[in-house]
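Here is how the chains run, residue by residue.
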Amino acid sequence: MSITARSDDDGDIAAASGRQSGEEVSLEIAAQLEEDIVFGRLHPRERLIEEEIASRFTAKRHVVRQALIELERLGLVNRVRNRGAVVRLYSEAEVEDINAVRELLESHAASLIKLPMPEAAIAELEAIQGRHGQAIEAEDRRGVFRSNIAFHQALFAHCGNAALIEAINSFAQKSHAYRSIFVNDKDYLQWAASAHREMIAAIRTQNRDELIALCRGHLAPAKNHYIEMYRTRFT
């Protein structure tokens, strides 16, 4: 698939580029390319050609280069000598390792969340999950992706440990490279939404053990399905 395939937001980025700094534009380009990876428009091992990206977003080469550096920092691409940037293909062992760390971080964060949680905080989680559910029904992939991120960020923000929150966000970002396999799987998305609602219910009933178990179990399906796919396609 060509990197020049456009999405609805390409024109918005190009139009806004004259009003933003180079750093702001590079971050927006990185966010759009991240979605292309998550939504399967860009595939593992596919090259990201600077000239084509610059043309697509009407951006300067150094701005595109910064966007690719950001994607490398996030663990979504590799920059390979004599090939440039390519979409990262995580190995089975790497995915297992990322998932193991995420389980440790997120279950620990769940153990630190103060219960009872303020009603306003619970209402915020319910509102975000409401948007997530609506996006699933509307088959709004971007809405599903962004509201899912927002839900988990809002949840773990209540653990009270800024360094832990930063680590959770970092490892969650790495997982975007292998979670794309479920982007069109409505059964999985509805299961994930149901798990979010169960997390909220556990918070309401102050059932910490249930909340921890739900956070831990939430990660396994994407990891297991990716490994199955990896064994079929890449080994």
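One can find the structure itself at the top, above this paragraph.
Residues numbered from 1 in each chain as written. Predicted model: local features only at pLDDT ≥ 70, side-chain atom pairs only at ≥ 80, totals over all residues. Heavy atoms only, no water.

## Some details on the packing of helix α2 (residues 22–38) against helix α7 (residues 141–156)
Here is step 1 of the chain: Where α2 meets α7, the closest approach of the two axes is 11 Å, and the angle between their N-to-C directions is 105 degrees. Classified by the angle between their axes, α2 and α7 sit roughly perpendicular to one another. When α2 is examined against α7, the residues A31, Q32, E34, E35 and V38 are found in contact with a partner set consisting of R142, F145 and R146.
Here is step 2 of the chain: Here the residues of the contact of α2 with α7 are counted per class, giving three nonpolar, one polar and four charged. (Axes fitted to C-alpha atoms, helices over the stretch in contact; angles between N-to-C directions. Helix = DSSP H or I, 4+ residues; strand = E, 2+ residues; numbered from the N terminus. Parallel < 35°, antiparallel > 145°, perpendicular 65-115°, else oblique. Contact = heavy atoms within 4.5 Å. Nonpolar A, V, L, I, M, F, W, Y, C, P; charged D, E, K, R; others polar.)

## Digging into the nonpolar core
Here is step 1 of the chain: Of all hydrophobic cores here, the largest spans 32 residues; its most connected members are I29, L33, L48, I53, L68 and Y226.
Here is step 2 of the chain: Looking at this core, the elements that each hand over two or more residues are α2, α3 (50–57), α4 (61–73), β3 (84–87), α5 (92–112), α8 (162–179) and α11 (220–233).
Here is step 3 of the chain: In this structure, A109, F151, A202 and I203 belong to the second largest nonpolar core, which totals 24 residues. (Core = buried A, V, L, I, M, F, W, Y, C linked by side-chain atoms within 4.5 Å. Buried < 20%, exposed > 50% of the residue type's maximum accessible area, 1.4 Å probe, protein only.)

## Points about the packing of aromatic side chains
Here is step 1 of the chain: Throughout the structure, instances matching the rule amount to four aromatic pairs.
Here is step 2 of the chain: Seen in terms of ring centroids, F39 and F145 are 5.9 Å apart; in terms of plane orientation they differ by 80 degrees. Their pairing is edge-to-face. Separated by 106 residues along the polypeptide, F39 in the loop between α2 and β1 (47–48) and F145 in helix α7 bring together distant segments of the chain.
Here is step 3 of the chain: By relative accessible area, which is 5% here, F145 ends up buried.
Here is step 4 of the chain: Residues Y230 and F234 carry aromatic rings whose centres are separated by 5.8 Å and whose planes lie at 40 degrees to one another, so their mutual orientation is tilted. We note that Y230, like F234, is buried.
Here is step 5 of the chain: Just above the ring of F171 sits the side chain of K174; from NZ or CZ to the centre is 6.0 Å. (Phe/Tyr/Trp six-rings, centres within 6.5 Å; stacked < 30°, edge-to-face > 60°. Lys NZ or Arg CZ within 6 Å of the ring centre and 35° of its normal.)

## Observations regarding the packing of helix α6 (residues 119–137) against α7
Here is step 1 of the chain: For the pair α6 and α7, the least separation of the axes is 8 Å and the interaxial angle reads 160 degrees. Classified by the interaxial angle, the pair formed by α6 and α7 is roughly antiparallel. Between α6 and α7 lies a crossing whose hand is left-handed. Contacts between α6 and α7 involve E124, L125, I128, Q129, R131, H132, A135 and I136 on the former and, on the latter, G143, V144, S147, N148, A150, F151, A154 and L155.
Here is step 2 of the chain: Residues belonging to the contact of α6 with α7 are distributed by class as follows: nine nonpolar, five polar and two charged. (Left-handed = near helix turned anticlockwise from the far one by under 90°.)

## Points about unusual backbone geometry
Here is step 1 of the chain: At the junction of L115 and P116, the peptide bond is cis and its omega measures out at 0 degrees in the coordinates.
Here is step 2 of the chain: Tracing the backbone through its elements, the reader meets P116 in the loop between α5 and α6.
Here is step 3 of the chain: Its identity is not glycine, yet T58 carries a phi of approximately 50 degrees, on the positive side.
Here is step 4 of the chain: Here T58 shows up in the loop between α3 and α4.
Here is step 5 of the chain: Phi at E139 takes a positive value of approximately 55 degrees, unusual for a residue other than glycine.

## Focus: the side chain of R88
Here is step 1 of the chain: Along the chain, R88 falls in the loop between β3 and α5.
Here is step 2 of the chain: Leave out the neighbours within four places in its chain, and R88 touches P44, G75, L76, V77, N78 and E94.

## What to know about the pattern of salt bridges
Here is step 1 of the chain: Tallied over the full model, the rule gives 17 salt bridges.
Here is step 2 of the chain: In this structure, E35 engages R142 in a salt bridge whose closest nitrogen and oxygen atoms are separated by 2.7 Å. Residue E35 is found in helix α2, and its partner R142 is found in helix α7; the two are separated by 107 residues along the sequence.
Here is step 3 of the chain: Of the residues examined, E35 reaches a relative accessible area of 5% and is grouped as buried.
Here is step 4 of the chain: Here R61 and E51 are joined by a salt bridge, their closest N and O atoms 3.7 Å apart. Remark: E51 occurs in helix α3 and R61 occurs in helix α4; sequence separation between them is ten residues. (Salt bridge = Lys/Arg side-chain N within 4 Å of Asp/Glu carboxyl O.)

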